[in-house]
Amino acid sequence: MNYIEVRNYIKEKEKLGSSFGTDSVKELLRRLDNPEKCAPAIHIAGTNGKGSIMAYVEETFVRTGMMVGRYISPTIYDYRERWLKNKEWASEEDVAWAISIVAEATDGMVDEGLNSPTAFEIETAAAFVLFKKWKCDIMLIECGMGGRLDATNVLETDKLSVLAAISMDHMEVLGNSPREIAKEKLGIVRDKSVLVTYPQIPPVMMEIYSYCKEHNVKLIEADVADLIINEESFYGSSFTYKGEDYEISIGGRYQIYNAITAIEILKYFKDVCEEEIYSGLLTTRWEGRFTLVSSDPVTIIDGAHNEDAWLRLSNSLDKYFTNKKIVYIIGVLADKEYEKMVDILGPSMEYVYAVQSDSPRALPAKDLCKVFLDAGIKSEACDTYDKDIDCELSSFSENEVRVIYSIKKAQEMAKEKGLPLVIAGTLSITGQAIRYFKSNMDI
């Protein structure tokens, strides 16, 4: 199959929905001669921060000369972004080659009367096939929504496990308390292995301590008691951790905590020197995570899409824009607890432009607008666009055009009132906004 054909193949498999458990993907990998065993791995689970932590680690490893394969989901820009080789997207040719190989094994399973692997399971298997082809020195693997039952949970040996921040999300699958969710995420951690964890809230840490004791796991904690924050802004931060000075170029207090988690991961690998860690953290970029995209007006994009992420965003905004109102562009998924977003961010809201992503799970803009209006927050739904100038936006989808118009309106208001603009919500919305700012179009 060529690239277009494999994209259509995956779209058909997406109709199967999600599957929780590893039996199917393990059988698929067995038929592919277990490519997941091709290299050591770092396997990360968590609710928020997985991508940022792995970005710090990836940047540092690449700077040391290692061949690094990274598997992420969801993506912001392009389908090929799921599979990275030394920070570069997989080529269309490599994606077509890998998924064609996995599709043949998948079709074989179906022919024998077994259930078909899902799209995510096929993509996960394709990651390992690609990493084996690329002869990676290390694989960085991010869980999907879960842990114990996630399709990535097939790595048995020669791996380091990591827990990013754990909070409430996907409760219908993972549990109704942080501790229950932590238990599911800890399912990636094998007996007598090593676990690095982000500074977690007390109920989560209690579950981690219990699990590590029961399964004889060596625990390495990112310790805020050893952290001194020297300078902090939305441009980045400088801090001292365990006596060493570091700088990062991503804003947000939570990014400092992600960075010290990455430091603990990197120090586990004895061949990585302190200078390489410092340089790796300083040069890491991870777009859509408290990303400053414009100074006039100050415009920040953040992919906050659940309660914990909204709290983190609120704390950072309080730090950098104390007692200042903010203009927002927001889009959410209908299955998120967006009412809590209103409670958390509402006090800072001057005006909200409600938008809708192109996800089938997206909450319509007019429905989101009503949520804000009912809460006494001035808002309007950006659910139309000017067809007369559509020819000038041929490289953008219809939904992207709506987001662009919301940006133009919001920037005008922010400039007029001398306020910052924050674009938040689903990665689909934030990705579309980043693409617009990168395009430098003058509409």
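From a predicted model like this one, the values you see are computed outputs, not experimental measurements. (Residues numbered from 1 in each chain as written. Predicted model: local features only at pLDDT ≥ 70, side-chain atom pairs only at ≥ 80, totals over all residues. Heavy atoms only, no water.)

Our focus in this paragraph is the overall build of the protein. The helix and strand tally for the protein stands at 15 helices and 17 strands. Compactness check: the protein gives a C-alpha radius of gyration of 22 Å against a globular reference of 22 Å for 443 residues, within 12% of the reference. Its C-alpha atoms put the protein at 60 × 55 × 40 Å along the principal axes. A total of 443 residues make up the protein; the buried ones form 57% of that total. Of the contacts formed within the protein by residues at least 6 apart in sequence, a portion of 71% connects residues at least 24 apart. (Helix = DSSP H or I, 4+ residues; strand = E, 2+ residues; numbered from the N terminus. Rg over C-alpha atoms; globule rule 2.2 N^0.38 Å. Buried < 20%, exposed > 50% of the residue type's maximum accessible area, 1.4 Å probe, protein only. Contact = heavy atoms within 4.5 Å.)

All told, the structure shown has 14 aromatic pairs when counted by the stated rule. Where Y71 meets F120, the ring centres are 6.1 Å apart and the plane angle is 20°; that geometry is what we call stacked. You can see Y71 sitting in strand β2 (residues 68-71) and its partner F120 sitting in helix α5 (residues 119-133), a full 49 residues away along the chain. Since its relative accessible area comes to 22%, F120 is described here as partly exposed. Taken together, the aromatic side chains of F234, Y235, F290, Y320 and F321 make up a single cluster linked through ring pairs. For the cation-ring pair, R7 lies above Y79, with the distance from its terminal atom to the ring centre recorded as 3.9 Å. (Phe/Tyr/Trp six-rings, centres within 6.5 Å; stacked < 30°, edge-to-face > 60°. Lys NZ or Arg CZ within 6 Å of the ring centre and 35° of its normal.)

Right, let's get into helix α8 (residues 202-214). For α8, with 13 residues, the first-to-last C-alpha span of 18 Å sits near the 18 Å given by 1.5 Å per residue. Three or more residues of α8 are buried, namely V204, M205, E207, I208, Y211 and C212. Projection of α8 onto a plane perpendicular to its axis shows the buried side chains occupying an angular sector of 160°, all on one side. Seen from the buried face of α8, the exposed residues on the opposite side, beyond 90 degrees, are P202, K213 and E214. (Expected span 1.5 Å × (residues − 1). Arc of directions from axis to C-beta.)

A word on the sheet that holds strand β13 (residues 298-302). Taken together, the six strands give an open sheet; going across it, the order is β12-β13-β17-β14-β15-β16, and neighbouring strands pair in mixed fashion. The open sheet has two free edges, formed respectively by β12 (291-295) and β16 (379-381), since each of these has just one partner strand. The average undirected angle you get between the axes of adjacent strands in this sheet is 20°. Across five bridges, strand β14 (residues 326-331) lies against strand β17 (residues 421-425) in parallel orientation. Paired with Y328 across the bridge in β17 is V422. (Pairing = 2+ DSSP bridges. Axes fitted to C-alpha atoms, helices over the stretch in contact; angles between N-to-C directions.)

All right, on to the nonpolar core then. Ranked by size, the top nonpolar core spans 37 residues in total, and within it W83, I99, V102, F128, F131 and M139 carry the most contacts. Breaking this core down by element, the ones donating at least two residues are α1 (3-14), α2 (23-31), α4 (92-111), α5 and β5 (138-142). The dominant element in this core, judged by the number of residues it contributes, is α5, at nine residues. Apart from residues lying up to four places away in sequence, M139 is in contact with E36, C38, A39, P40, A41, I42, G69, F128, F131 and L155. (Core = buried A, V, L, I, M, F, W, Y, C linked by side-chain atoms within 4.5 Å.)

Among the five residues in β17, five count as buried, and that is most of the element. Residues of β17 alternate between two faces, with L421, I423 and G425 on one and V422 and A424 on the opposite face, all of them buried. When β13 meets β17, the two strands line up parallel, connected through four bridges. When the bridges of β17 are listed, I300 appears paired with V422.

The pairing of strands in a sheet comes from backbone hydrogen bonds and takes either a parallel or an antiparallel form. With antiparallel pairing, three strands are arranged side by side in an open sheet as β9-β10-β11. Every interior strand has two partners, whereas the edge strands, β9 (227-233) and β11 (244-248), have only one. Strand-to-strand twist of the sheet, defined as the mean angle between neighbouring strand axes without regard to direction, takes the value 15°. Here strand β10 (residues 236-241) pairs with β11 via five bridges, running antiparallel.

A few words on the environment of F269. Position of F269 relative to the elements: it lies in the loop between α9 (253-268) and α10 (274-283). Sequence separation between F269 and F61 is 208 residues, and the spatial gap between their C-alpha atoms is 10.0 Å. Excluding residues within four positions of it along the chain, F269 makes contact with I42, F61, I138 and L160.

Now for helix α12 (residues 338-345). Here α12 has its buried residues at Y338, M341, V342, I344 and L345. Elements that come into contact with the buried residues of α12 comprise α11 (307-320), β14, β15 (349-354) and α13 (365-374).

This paragraph deals with a negative patch on the surface. Taken together, the side chains of E231, E244, D245 and E247 define an acidic patch exposed on the protein surface. Residue contributions to the negative patch peak at three residues, all from β11. Its location among the elements puts E231 in strand β9. (Patch = residues over 30% accessible without salt bridge, like charges linked within 9 Å, V, L, I, M, F, W, Y side chains within 5 Å. Areas by Shrake-Rupley, 256 points an atom, 1.4 Å probe, with all protein chains shown as cover. Salt bridge = Lys/Arg side-chain N within 4 Å of Asp/Glu carboxyl O. Lys, Arg positive; Asp, Glu negative; His and termini not counted. Charge placed at Lys NZ, Arg CZ, Asp CG, Glu CD.)

Attention now moves to the environment of N48. Following the sequence through the fold, N48 ends up in the loop between β1 (41-45) and α3 (50-63). A relative accessible area of 9% means that N48 is categorised as buried. Counting along the chain gives 188 residues from N48 to G236, while the straight-line C-alpha distance between them is 19 Å. Residue contacts for N48: discarding those within four places in its chain leaves A164, A165, S167, H305, N306, D308, A309 and R312. Among the polar contacts listed, one links the side chain of N48 to the side chain of N306, at a separation of 3.0 Å. Among the polar contacts listed, one links the side chain of N48 to the side chain of D308, at a separation of 3.2 Å. (Polar contact = N/O pair within 3.5 Å; in protein donor to acceptor, adjacent residues only side chain to side chain.)

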